[in-house]
Amino acid sequence: MTEPLVQVESLRKLFPISKGMFRKATDFVHAVDDVSFAIRPGESLGLVGESGCGKTTTGRMLVKLLDATDGTIEMSHNGTRFDIAHIEKDEMKDFRGKVQMIFQDPYESMNPRRTVFDTVAEPLAVQGIGKPNEREERVAELLTRVGLTPAASFLFRYPHELSGGQRQRVAIARALVLGPSFVVADEPTSMLDVSIRISIMDLMLKLAEEFGVSYLYITHDLAVARYMCDRIAVMYLGKIVEIGNTETVLSDPKHPYTKALLSAVPVPDPSYKRPPVEIKGGINKAINPAPVCRFLQRCPIATDYCRENDHPPLEDKGDGVQVACYLVEKKSAPAPV
Amino acid sequence: MTMTDSTPQSASAPSSAPVLEVDGLVMHYETEQGDVSAVENVTFTLNHGQALGLVGESGCGKTSVAMSLLRLQAENAKFLAGEIRLNGKNLLGVTEAEMRHHRWNDISMVFQGAMNAWNPVYRVGDQIQEAMDLHYDPPLSKAESWEKMGETFELVGLDPSMLERYPHEFSGGMRQRAVIAMALSCNPQIIIADEPTTALDVIVQDQILKEMKKIQADLGMSIIYISHDIAVIAEVTDTIGVMYAGKLVELGPTDEVFARPKHPYAYLLLSSTPSVTGPRRKLAPLEGEPPNLLNPPTGCRFHPRCPFMTQQCVDEEPPLTEIGQNHQVACWNWDQVPVTIGEKLP
């Protein structure tokens, strides 16, 4: 097996709940709690879950927009390895060339007073790459590759002159201009209309291949994750509860939460009858959570064993799928023929 | 109940009577740059107990239609033609005072994002009562209206004691349920639900859609669902209308339209919707972007993006024509659209 591109180990993020200016916080929201996963080169991992499950917080720690409370994020780049969670200030500029982010809202993520060229060329200017005329060439080439053609007609437009889909293409060009090997994409298509969404998703898949980029693709939409990602990780209240090959997880979900989440997704086929959703209610915040299974309160199959023991570890349950549940039996390997 | 002869019978069981008929509705927005043709010649019928879905992308006119039905359209909107008949009475011809009586009593609405519109400093029950005080004639006593509210809260799966609480004590899903309870509070015949679950997580969405389906069946209510999410529409409606650039391009029984969409736009929309079920397939992107309605394309408004485009589509506007049992399509070349979803197009 190849060495992973990104290896996340026991990552945690606690947000203190402020009790006033001079009082020390005693309560914490455990937004991300002991999360571990790996992304192999060229592979995309989908991070799915309901709002508040910690998927965006995880993504932001991976690009160092948030500092981790605990844990390591090892990344290998051109043969060297470094820990994103413990980058020094003077290494940040270098780091930004390796890892980039695409944000959800293309209307918010761009400076309205800067042209497309300014937006896409800024990372080059910051990193001191190329002379101004070379930068223009590089930006024009990227615009062509993200489908904004003819590039010359887009270079000096302002964001308000672009549609949502076109803006997201600019955001993708900006993320790729430094040639990163890893991009965190946080719901990049959820603000777009259906007819535009597929062309942006197809573009991202095509560029992943051409540029050799891996994505951490954050989404609440399982159908989108299925289209975009080789592997999928389901999060619940700061924990990964199931992770594995996308098709394997979606065709045979093992964790009771994954099952419920999957059966709640509406299907664009009136003749399809979904299985009933076994769980009720919404997600709470994990404020100083008890050490038991995070899903206990909503779990339809919980037993006394679940109530008396710690949150279950993420374990291999066969088919290469890891599940954090005591009640999921390990599938034995098929007997050799 | 009167039936006007000019209205084509829309998709539904032929025996049921129409409660609402939208007939040739044309609505434009006046702007400094010119007229935006937001709703263009839209015709459909809503029968008693029917669930009709309007789908389309942002800017296709679906919310403009919804707002017109309640005459809550924006100030720069003007109706140029058409009628909206509630039980045979043209709502575009009545006075504002009369219209106010029809709102909430006959047609109520669950607005997009309404769950965030609760006033944080009043109890939820008091806010619903305010609406009931304005619309019940003769007015109900306080005890009567709280009893009525308790009933509607139970209908939407909320404990009646929650009426005494403030909005911040509700979760997002509960706030949306309370909005639906408010829409039910004056016993309307029709509810218009504009993206009723868009901001909610799927598990809560599933619960609320089930609740709404049950209410619709139990109370014999007619509902117009408006959504960009065709999967949601597939689950809750029996008739679907697909809108594109201000026009209704396909109208028919939901099962039929999803199994055999005949308008190229509806076909491509279904082909480009990812699903968690069925074989994993390559989705067909819709090329281009929706047109600017300040200056809509000639002929068929979809022609610049349509793979079946001919000269006729540029020159002439296709009328909504009956092509099957209650199934109408506005396309010159509908018979060329493939039978199965996801096929390669010209």
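In case you missed it, the structure is sitting above this.
So, here is what we can say about the structure in this document. These figures come from a predicted structure and were not determined experimentally.

Criteria and thresholds
- Residues numbered from 1 in each chain as written.
- Chains lettered and ligands numbered in written order.
- Predicted model: local features only at pLDDT ≥ 70, side-chain atom pairs only at ≥ 80, totals over all residues.
- Helix = DSSP H or I, 4+ residues; strand = E, 2+ residues; numbered from the N terminus.
- Rg over C-alpha atoms; globule rule 2.2 N^0.38 Å.
- Buried ≥ 20, exposed ≤ 12 C-beta atoms within 10 Å, placed from the backbone.
- Contact = placed C-beta atoms within 7 Å.
- Nonpolar A, V, L, I, M, F, W, Y, C, P; charged D, E, K, R; others polar.
- Pairing = 2+ DSSP bridges.
- Axes fitted to C-alpha atoms, helices over the stretch in contact; angles between N-to-C directions.

1. Considerations on the overall build of chain B
- The secondary structure content of chain B amounts to 10 helices and 12 strands.
- In terms of C-alpha radius of gyration, chain B reaches 21 Å, essentially the compact-globule figure of 20 Å for 346 residues.
- Overall size of chain B, expressed as C-alpha extent along the three principal axes, is 65 × 50 × 45 Å.
- Taking all 346 residues of chain B together, 51% fall into the buried category.
- Look at the contacts in chain B between residues 6 or more apart in sequence, and 66% of them connect residues 24 or more apart.

2. Topic: unusual backbone geometry
- Note the cis peptide between Thr149 of chain A and Pro150 of chain A, where omega equals -10°.
- Its place among the elements puts Pro150 of chain A in the loop between helix H4 (132–145) and helix H5 (151–155).
- With an omega of 0°, the peptide bond between Asp137 of chain B and Pro138 of chain B qualifies as cis.
- Its location among the elements puts Pro138 of chain B in the loop between helix H3 (124–135) and helix H4 (142–155).
- For Asp34 of chain A, which is not glycine, the phi torsion reads 60° and is therefore positive.
- One can find Asp34 of chain A in strand S2 (residues 28–39).
- Since 17 C-beta atoms lie within 10 Å of it, Asp34 of chain A is described here as partly exposed.
- Even without glycine at this site, Asn187 of chain B takes up a positive phi of about 50°.
- Topologically, Asn187 of chain B is positioned in the loop between helix H5 (172–184) and strand S7 (190–194).

3. Brief notes about the interface of chain B and chain A
- Facing 32 residues of chain B, the contacting portion of chain A comprises 34 residues.
- By residue number, the principal contributor to the side of chain B that touches chain A is helix H7 (residues 230–236) of chain B, which donates 5 residues.
- Tallied by class, residues from the side of chain B that touches chain A come to 15 nonpolar, 10 polar and 7 charged.

4. Topic: the sheet that holds strand S4 (residues 77–86) of chain B
Residues and elements named next belong to chain B.
- Strand order in the open sheet formed by 4 strands is S2-S1-S4-S5, with antiparallel pairing between adjacent strands. If you trace the sheet from one side to the other, it starts and ends with strand S2 (34–47) and strand S5 (89–90), each paired once.
- When S4 meets S5, the two strands line up antiparallel, connected through 2 bridges. Directly across from Arg85, in S5, lies its bridge partner Asn90.
- Helix H1 (residues 62–69) rests against strand S1 (18–31), S2 and S4 of the sheet, and its axis sits at about 65° to S2.

5. A look at the sheet that holds strand S8 (residues 214–219) of chain A
Residue and element names in this part refer to chain A.
- An order of S6-S7-S8-S3-S9-S10-S12-S11 is seen for the 8 strands of this open sheet, with the pairing classed as mixed. Bordering the open sheet on either side are strand S6 (99–102) and strand S11 (315–316), each of which pairs with just one other strand.
- Of the strand pairs in this sheet, S11 and strand S12 (residues 322–323) are connected by 2 bridges, and their pairing is antiparallel. By the bridge assignment for S12, Glu315 is matched with Val323.
- Lying over the sheet, helix H6 (residues 164–176) contacts S6 and strand S7 (182–186), oriented at roughly 175° with respect to S6.

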